[in-house]
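Here is how the chains run, residue by residue.
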Amino acid sequence: MASNILSHVVSDLCIGKPAVRVLPQSTPIAAALATLRAGADPFIFVDADAKKTATVSIVKVSVAEILCYVCGNLGDPAAALSRPVSLITAVVGDHAVTRRVDPQTSLLDAIDVLLANNSHSLVVPLHARAGRKKHHHHHVPSASSTYCVLTQQDIVRHLFGSISHFSPVAALTVASLGLIRRDVHAVHVDDDALDAIPLLQTSIGSGTAVAVVADDSALVGEICPGVLGSCDVEPVSAAFAALSAGDVMTYIDCYFSPPEFLLRSIRARLTDKGLHAMRDLMDAAYTTDAAALSSSASSSDEESPLARSGRARRMSSSGKLPMAVDGGRGGVPCWELAGGRHGPGARAPGRARLGRR
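Note that the structure is predicted; figures quoted are calculated from it, not measured.

Attention now moves to the overall build of the protein chain. If you tally the helices and strands in the protein chain, you get 16 helices and eleven strands. Taken across its 357 residues, the protein chain has 43% of its residues classed as buried. A fraction of 64% describes how many contacts in the protein chain between residues 6 or more apart in sequence connect residues 24 or more apart. Of the roughly 17900 Å² of accessible surface on the protein chain, a fraction of 56% belongs to carbon and sulfur atoms.

Structure (structure tokens):
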């Protein structure tokens, strides 16, 4: 049974998975960010520098990594976004380096590549012929190739489909397998959110989140790289530059329709800090969203309810109760989505701490 499972090749696991695009290193960061927004994947992939990489590989970049880069260039964020994405790939850790493997690489060899390089994923060129030899170190596809991404989870899911027949692993607890990590990165709820940026960069590589804690070390919430993937970099960078860690959690929880008082506070604090360019970039992002919302509203009568409910917008400038899209129910107060239903006038625990710094 085990030998039969490991006889599979990586192309077998690519069936039904979408293709991804690999960007050149010269791509502006803003264009890379636009590619992220347009796609469904949490990462984009960039060709690695052949002079610095001993093996054929690409580098994956997430919204959280672009956010960290922008937060390090708050003086002129627009100029930072116009620079090539290679500036980000040059400083990401080994966790972001994704190896290319031939489609006919055996599953066992693919696992060895993941373990040897501490990689989280592999990319497989989809255009190669099925009869190609089973080597994965010398295959260099053309620049126009399309790829499939295989993650550690894809391989584990494939193995778990049959592993219960000959191994008790599937019946064991998470704790007994040693999968619970206790080396948690944490920031105090009243600390500046920018203090969380170095911890966030570390958590991206380890696949964890930054815990936000109170005075008694009680967990208030978390700042998760995966959640940041659904946000736009410009306004979230402004929030990190202006708010405390606890207030940033409030902002992220109600991101698709933030309270007007919170937006005013961000603008005021950016002005006080002299970060006028960051404030203007945030305002430009919200203006673009408002224009897109107005344009989509004119054609909403022609769309299906499913299409309308799937479009969560990012701004509420009317001063009314902030609302968020929630499936087919229409708008609901943002605190209900963030922390459960607490009723009118209530708020989720650990949220809406603005002004307590």
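From this point, things continue past the structure.
On to the environment of Ala79. Mapped onto the elements, Ala79 comes out in helix α5 (residues 77-82). Ala79 gets classed as partly exposed once you look at its relative accessible area, which sits at 22%. The spacing of Ala79 and Ala277 is 198 residues in sequence and 9.9 Å in space, taken between C-alpha atoms.

Turning next to the confidence of the model for the protein chain. Counting all residues, the mean pLDDT for the protein chain is 74, and 69% of those residues have values of 70 or more. A low-confidence stretch, residues 128-144 stays under pLDDT 50, and its non-local contacts, those more than four residues away or across chains, total 31 contacts. Every residue in residues 303-357 scores below 50 in pLDDT, and together they form 97 contacts with partners more than four places removed in sequence or on other chains.

On the basis of which strands lie adjacent, the open sheet formed by three strands has the order β7-β8-β9 and mixed pairing. With one partner strand each, in any of the chains shown, β7 (185-188) and β9 (219-223) form the two edges of the open sheet. Strand after strand, the sheet turns through a mean of 30° between neighbouring axes, direction not considered. In this sheet, β9 lies alongside strand β8 (residues 210-213) in antiparallel orientation, the contact comprising four bridges. Counterpart to Val212 in the pairing with β9 is Gly221. The sheet contacts of helix α9 (residues 197-206) involve β7, β8 and β9, and relative to β7 the element is tilted by about 155°.

This brings us to the packing of helix α4 (residues 63-71) against α9. Where α4 meets α9, the axes come as close as 10 Å, and the angle between the chain directions of the two elements is 155°. Considered as vectors, α4 and α9 are oriented roughly antiparallel to each other. Considering the relative orientation of α4 and α9, their crossing is left-handed. Note on element contacts: α9 touches α4 through Ile197, Leu200, Gln201 and Ile204, opposite Ala64, Glu65, Leu67, Cys68 and Cys71.

Further remarks concern helix α7 (residues 107-117). The complete set of buried residues in α7 reads Leu107, Ala110, Ile111, Val113 and Leu114. Projected down its long axis, α7 carries its buried residues within an arc of 155°, all on one side. Counted as exposed and oriented over 90 degrees from the buried face of α7: Leu115 and Ala116. Asn118 sits one or two residues past α7 and shows a positive phi near 50°.

Let us look at a nonpolar patch on the surface. On the surface, Leu172, Val174, Leu177, Leu179 and Ile180 cluster together into a nonpolar patch covering about 450 Å² of accessible area. Mapped onto the elements of the fold, Leu177 is located in the loop between α8 (152-163) and β7.

By the definition in use, this model includes nine salt bridges. A salt bridge links Arg269 to Asp247; the nearest nitrogen and oxygen atoms lie 3.9 Å apart. Here Arg269 is found in helix α13 (residues 260-272), whereas its partner Asp247 is found in helix α12 (residues 245-253), with 22 residues between them in sequence. We note that Arg269, like Asp247, is buried. The closest approach of N and O atoms between Arg267 and Glu260, which form a salt bridge, is 4.0 Å. Residue class for Glu260 comes out buried when judged on its relative accessible area of 18%. When salt bridges with common partners are traced through the structure, they connect Lys17, Asp154 and Arg157 into a single cluster.

The next subject is the packing of aromatic side chains. Taken as a whole and assessed by the stated rule, the structure comprises two aromatic pairs. Each ring, one from Tyr251 and one from Tyr255, has its centre 5.8 Å from the other, and the planes form 75°; the classification is edge-to-face. Accessibility classification places Tyr251 together with Tyr255 in one group, the buried group. Seen from their ring centres, Tyr255 and Phe256 are 5.3 Å apart, and the 75° between their planes marks the pair as edge-to-face. According to the relative accessible area criterion, Phe256 is partly exposed, its value standing at 29%. Ring pairing ties together the aromatic residues Tyr251, Tyr255 and Phe256, which thus form one cluster. Above the face of the Phe43 ring, Lys60 is positioned so that its terminal group lies 4.4 Å from the ring centre.

Bringing unusual backbone geometry into the picture now. Even without glycine at this site, Ser217 takes up a positive phi of about 65°. Inspection of the secondary structure assignment puts Ser217 in the loop between β8 and β9.

All right, on to the environment of Val20 then. Within the secondary structure layout, Val20 lies in the loop between α2 (10-13) and β1 (22-23). By relative accessible area, Val20 is classed as buried at 9%. The sequence separation of Val20 and Phe45 amounts to 25 residues, and the corresponding C-alpha distance is 8.0 Å. Those residues within four positions of Val20 in sequence are excluded, and the remaining contacts are Asp41, Phe45, Thr146, Tyr147 and Val149.

In this section: α4. In terms of burial, α4 is a largely internal element, nine of the nine residues being buried. Within α4 the residues assigned to the buried category are Val63, Ala64, Glu65, Ile66, Leu67, Cys68, Tyr69, Val70 and Cys71.

The rules behind the values
Residues numbered from 1 in each chain as written. Predicted model: local features only at pLDDT ≥ 70, side-chain atom pairs only at ≥ 80, totals over all residues. Heavy atoms only, no water. Helix = DSSP H or I, 4+ residues; strand = E, 2+ residues; numbered from the N terminus. Buried < 20%, exposed > 50% of the residue type's maximum accessible area, 1.4 Å probe, protein only. Contact = heavy atoms within 4.5 Å. Areas by Shrake-Rupley, 256 points an atom, 1.4 Å probe, with all protein chains shown as cover. pLDDT = per-residue confidence, 0-100. Pairing = 2+ DSSP bridges. Axes fitted to C-alpha atoms, helices over the stretch in contact; angles between N-to-C directions. Parallel < 35°, antiparallel > 145°, perpendicular 65-115°, else oblique. Left-handed = near helix turned anticlockwise from the far one by under 90°. Arc of directions from axis to C-beta. Patch = residues over 30% accessible without salt bridge, like charges linked within 9 Å, V, L, I, M, F, W, Y side chains within 5 Å. Salt bridge = Lys/Arg side-chain N within 4 Å of Asp/Glu carboxyl O. Phe/Tyr/Trp six-rings, centres within 6.5 Å; stacked < 30°, edge-to-face > 60°. Lys NZ or Arg CZ within 6 Å of the ring centre and 35° of its normal.

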